[in-house]
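Given next are the chains, with one letter for each unit.
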Amino acid sequence: MATVTPDAPPADAPVQQAPVRRTAVRKRLVPYWLLLPGILWLLVFFAAPLVYQASTSVQTGSLEEGFKVTWHLQTYGDALSEYYPQFLRSVLYAATATVLCLLLGYPLAYLIAFRAGRWRNLLMVLVIAPFFTSFLIRTLAWKTILSDGGPVVGALGSLHVLDVTGYLGITAGQRVLATPLAVVCGLTYNFLPFMILPLYTSLERIDGRLHEAAGDLYARPVTTFRKVTFPLSMPGVVAGTLLTFIPASGDYINAELLGSTDQKMIGNVIQSQFLRVLDYPTAAALSFILMAAILAMVTVYLRKSGTEDLV
């Protein structure tokens, strides 16, 4: 009796695995296609200008004769030796403004996150409301507020606060404008929202039951804050301090409008070298020195704060 065997597929039958493989490859490539616009944006508007400025920093020449790449690295040493006071002043002003923003912003962020209740949205709108006004206009407003004949100077003078600040060297006589105090006040005001928003986001994520558990264990409010709230809000503290310190160290508008020649920051020097002196190599070298200094300080800060995963 003859056995019946199933028909074998012809030798030239199409393989069905190829379309499946193509679909899998396309799925794997989808995230990269989505990243492509952002990568192109960074290459065109960040990487390319960075490379151009790097080449500019090692050029020599003049605006009339033109600049040529001669790999003159001495520009970095000359720029640092000549303008190191502005570098130190920028770091000092930015660090002071960052600390003030943290001291002012943390209580407000804590209030909004845990005590605001139905007023939370209104308070958040008030925090971001300054962003609806130009940075320049806000700084000019502070110039009016701190004017010599204004109520702020009059109140500080009557309370003899200016005598103390003058002794400390942060004001001059009976005036606040054109002093370090005015510049720091401007930096603190303009960058305060950058501190509050990350702090609020971090505090708002803390489970309130942790506070209740600390209270059940007879922890005082101060102990609860020190052992529970503040450690859990450290990501917001780190993010807020970085978002405040980095732009503040390169700012030049506050020092330009609220300070004098004795309060010029490195941002003012770079702006002057680019637009007035037209010494492009020195300006580019100063920019790279500032960027490298900030990157080094931020890296050390992140490691010391126990957030190495953010580096």
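The following paragraphs examine the structure supplied in this document.

Turning our attention to the environment of V269. Within the fold, V269 resides in helix α12 (residues 266–277). For V269, a relative accessible area of 9% translates into the label buried. For V269 and Y252, which are 17 residues apart along the polypeptide, the C-alpha to C-alpha distance reads 8.5 Å. Look past the residues within four positions of V269 in its chain and what remains in contact with it is Y83, Q86 and L286.

Inspection of every chain in the model, using the stated rule, returns 11 aromatic pairs. Judged by centre distance (5.5 Å) and plane angle (85°), the ring pair of Y106 and F225 falls under edge-to-face. Of this pair, Y106 sits in helix α2 (residues 74–114) while F225 sits in helix α9 (residues 221–232), placing them 119 residues apart in sequence. Among the residues examined, Y106 registers a relative accessible area of 7% and is labelled buried. The class of F225 is partly exposed, set by a relative accessible area of 33%.

As a further point, take α12. Looking at α12, one finds that the buried residues are I266, G267, N268, V269, I270, Q271, S272 and Q273. Buried residues in α12 make contact with α2, α10 (234–249), α11 (253–258) and α13 (280–304). In the segment just after α12, L278 is the residue with positive phi, at about 65°.

Quick look at the layout of surface pockets now. Taken as a whole, the largest pocket encloses approximately 310 Å³ of empty space. Forming the walls of the largest pocket are 14 residues, and the residues nearest its centre are L50, S287, F288, L290 and M291. Of all the secondary structure elements, the ones that give two or more residues to the lining of the largest pocket are α1 (17–57) and α13. Of the residues forming the lining of the largest pocket, the biggest block, seven residues, is contributed by α13. When its residues are assigned to classes, the lining of the largest pocket shows 12 nonpolar, two polar and no charged.

The rules behind the values
- Residues numbered from 1 in each chain as written.
- Predicted model: local features only at pLDDT ≥ 70, side-chain atom pairs only at ≥ 80, totals over all residues.
- Heavy atoms only, no water.
- Helix = DSSP H or I, 4+ residues; strand = E, 2+ residues; numbered from the N terminus.
- Buried < 20%, exposed > 50% of the residue type's maximum accessible area, 1.4 Å probe, protein only.
- Contact = heavy atoms within 4.5 Å.
- Phe/Tyr/Trp six-rings, centres within 6.5 Å; stacked < 30°, edge-to-face > 60°.
- 1 Å grid on protein atoms, 1.4 Å probe; cavity = no way out; pocket = protein on both sides within 12 Å on 5 of 7 lines; lining within 4 Å.
- Points joined across faces, edges and corners; volume = space filled by probe spheres on them.
- Nonpolar A, V, L, I, M, F, W, Y, C, P; charged D, E, K, R; others polar.

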